[in-house]
Amino acid sequence: MSGDVNARPANVLVLGGGYSGLRFASALTERGLPVAVTSRRRPAQPEAHTPWSSSGSELPVRWLSFDPDNGVLPDAEALDGTTHVLVTIPPDGQGNDPVLEHLAPVLAQLPLQWIGYLSTTGVYGDHGGDWVDETTAPAPRASRSRSRLACEQAWDCSGLPVQIFRLPAIYGPGRSPFQNLLQGTSRLVHKPGQVFSRVHVDDIVGGLMHCIGLPPQRRPRIVNLADDRPCPSTESLGYAAHLLDCKLPAVERFQDISDGMSPMALSFWVENRRTSNQRLCHELGYTLRYPSYREGFREALAEERRAEELQNS
């Protein structure tokens, strides 16, 4: 991954041990860096197994409990010495940021050099398929995107060294079209002119590491993490079926099935935009590992198959 290898984080806290958070933590542990990861409940074993860590093996991190709904917070001593923080936790049911609500005073006392906050390109709203970049004025439509924008603004006002990363659809091993295609549960939905932007989880990790390695004055407030090729979902699903050598489901027209979609699914289809990565790749100099879903799907499938072989051995 890119970035100044001399600007290594000394002590990292990942708030939220989900898909992207664990992949980030795994990349750091492979570099010999100490990492603490929060979860609502401590894993049963000291080393929690995650098949989608970048090494494909057990993840040796220090686990901390963070369950603010039940009053469970990591104490200040457990966070002592933290220099870098990645926040992957979404807004709570009231649209507030649970980290700022419960940990802001503790964070303010730490020797923090960088906080990365994972947000969504949903804050840009609908642009009819046109390109958006970090200078585009936010105009979120979905309630969860409005909450994300409010959390971005709260972090901006926190006085902490935060950098906001806006993400489109995330994919990678364990979060790819392959299982649904093999199980016959995929849907091939066509909506004229509709495109989606995507990013492989390893380019989320790579982009974060690259920005950590930059001098503070070179870190812009907002960075989009997206690949080079927004495209219709029919195109990417067709390529996934090609890799599996399996048949695609029958095409369904969006206008025929939209009434039966869940509010969550419908919210993805009613917004249409292409997310630019010019700031990340040209201004900041990051090189994508997976410029499009084609390279990303191939590697995701290979990693899924390696993980399956390990589990069966």
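Quick notes on the rules
Residues numbered from 1 in each chain as written. Predicted model: local features only at pLDDT ≥ 70, side-chain atom pairs only at ≥ 80, totals over all residues. Heavy atoms only, no water. Helix = DSSP H or I, 4+ residues; strand = E, 2+ residues; numbered from the N terminus. Buried < 20%, exposed > 50% of the residue type's maximum accessible area, 1.4 Å probe, protein only. Phe/Tyr/Trp six-rings, centres within 6.5 Å; stacked < 30°, edge-to-face > 60°. Pairing = 2+ DSSP bridges. Axes fitted to C-alpha atoms, helices over the stretch in contact; angles between N-to-C directions. Contact = heavy atoms within 4.5 Å. Salt bridge = Lys/Arg side-chain N within 4 Å of Asp/Glu carboxyl O. Parallel < 35°, antiparallel > 145°, perpendicular 65-115°, else oblique. Left-handed = near helix turned anticlockwise from the far one by under 90°. Nonpolar A, V, L, I, M, F, W, Y, C, P; charged D, E, K, R; others polar. Core = buried A, V, L, I, M, F, W, Y, C linked by side-chain atoms within 4.5 Å.

1. A look at unusual backbone geometry
Despite not being glycine, Asp245 has its phi angle at roughly 55°, a positive value. Tracing the backbone shows Asp245 in the loop between helix H7 (233-244) and strand S14 (251-253). You can call Asp245 exposed: its relative accessible area is 72%.

2. Here's the deal with the packing of aromatic side chains
Tallying each qualifying case throughout the model produces eight aromatic pairs. Through a chain of ring-to-ring contacts, three or more aromatic side chains come together here, namely Tyr171, Phe178, Tyr239, Tyr293 and Phe297.

3. Quick notes on the sheet that holds strand S9 (residues 162-167)
Ordered in space as S5-S2-S1-S6-S7-S9-S13, the seven strands form an open sheet in which the pairing is parallel. Each edge of the open sheet is held by one strand with a lone partner, namely strand S5 (62-65) and strand S13 (222-224). Ignoring which end each strand starts from, the neighbouring axes of this sheet average 20° apart. Judged from the four bridges that link them, strand S2 (residues 35-39) and S5 form a sheet pairing that is parallel. Looking at the pairing, Ser39 lines up with Ser65 of S5. Seen against the sheet, helix H6 (residues 201-212) touches strand S6 (84-87), strand S7 (114-120) and S9 and runs at an angle of roughly 155° to S9.

4. A short note on the pattern of salt bridges
Taken as a whole and judged by the stated rule, the model has 14 salt bridges. A salt bridge links Arg289 to Asp202, with the shortest nitrogen-to-oxygen separation between them at 3.6 Å. Of this pair, Arg289 sits in the loop between helix H10 (278-283) and helix H11 (293-312) while Asp202 sits in helix H6, and the two are 87 residues apart along the sequence. With a relative accessible area of 44%, Arg289 lands in the partly exposed category. Each of the salt bridges in this network shares a partner with another, and the network as a whole consists of Arg23, Asp202, Arg289 and Glu303.

5. Describing the pairing of S6
Of the two faces of S6, the one carrying His84 and Leu86 and the one carrying Val85 and Val87 are both buried. As defined by bridge partners, strand S1 (residues 12-15) adjoins S6 across four bridges and the pair is classed as parallel. Its bridge partner lying in S6, Leu15 is registered against Val87. Two strands pair when backbone bridges link them, and S6 and S7 are joined in this way by four bridges, in the parallel orientation. Residue pairing for S7: Val85 is matched across the bridge by Ile115.

6. Some words on the packing of helix H1 (residues 19-30) against H6
Orientation of H1 relative to H6, taken along the N-to-C sense of each, is 55°, at an axis distance of 9 Å. Classified by the angle their axes make, H1 and H6 are oblique. As H1 runs across H6, the sense of the crossing is right-handed. On H6, the residues touching Tyr19, Ser20, Arg23, Phe24, Ala27 and Leu28 of H1 are Val201, Asp202, Ile204, Val205, Leu208, Met209 and Ile212. Per-class residue counts for the contact of H1 with H6 are ten nonpolar, one polar and two charged.

7. Quick word on the side chain of Ser276
In this fold, Ser276 is placed in the loop between strand S15 (274-275) and H10. The residues contacting Ser276, other than those within four sequence positions of it, are Trp131, Val132, Asp133, Glu134 and Asn224.

8. Digging into the nonpolar core
Formed by 32 residues in total, the largest nonpolar core has its most connected members in Val14, Phe24, Val35, Val37, Phe165 and Leu208. Of all the secondary structure elements, the ones that give two or more residues to this core are S1, H1, S2, S7, S9, H6 and H10. The element that contributes the greatest number of residues to this core is H6, accounting for six residues. If sequence neighbours within four positions are ignored, Leu208 has contacts with Phe24, Leu86, Trp114, Leu118 and Phe165. Among the nonpolar cores identified, the runner-up in size contains 24 residues, and Leu64, Phe66, Cys151 and Leu160 belong to it.

9. Concerning the environment of His200
In this fold, His200 is placed in strand S12 (residues 198-200). Judged by its relative accessible area of 1%, His200 falls in the buried class. Considering only alpha carbons, one finds His200 and Ala300, 100 residues apart in sequence, at a separation of 8.9 Å. Excluding its chain neighbours within four sequence positions, the residues that come into contact with His200 are Tyr171, Gly172, Pro173, Tyr290 and Gly296.

10. Digging into the packing of H7 against H11
Two elements in contact, H7 and H11, have axes separated by 10 Å at closest approach and are oriented at 40°. For the element pair H7 / H11, the angle class is oblique. Once H7 is placed against H11, the crossing between them reads as right-handed. Counting all contacts with H7, which are made through Glu235, Ser236, Tyr239, Ala240, Leu243 and Leu244, the residues of H11 involved are Tyr293, Arg294, Phe297, Arg298, Leu301 and Arg305. For the contact of H7 with H11, the per-class residue count stands at seven nonpolar, one polar and four charged.

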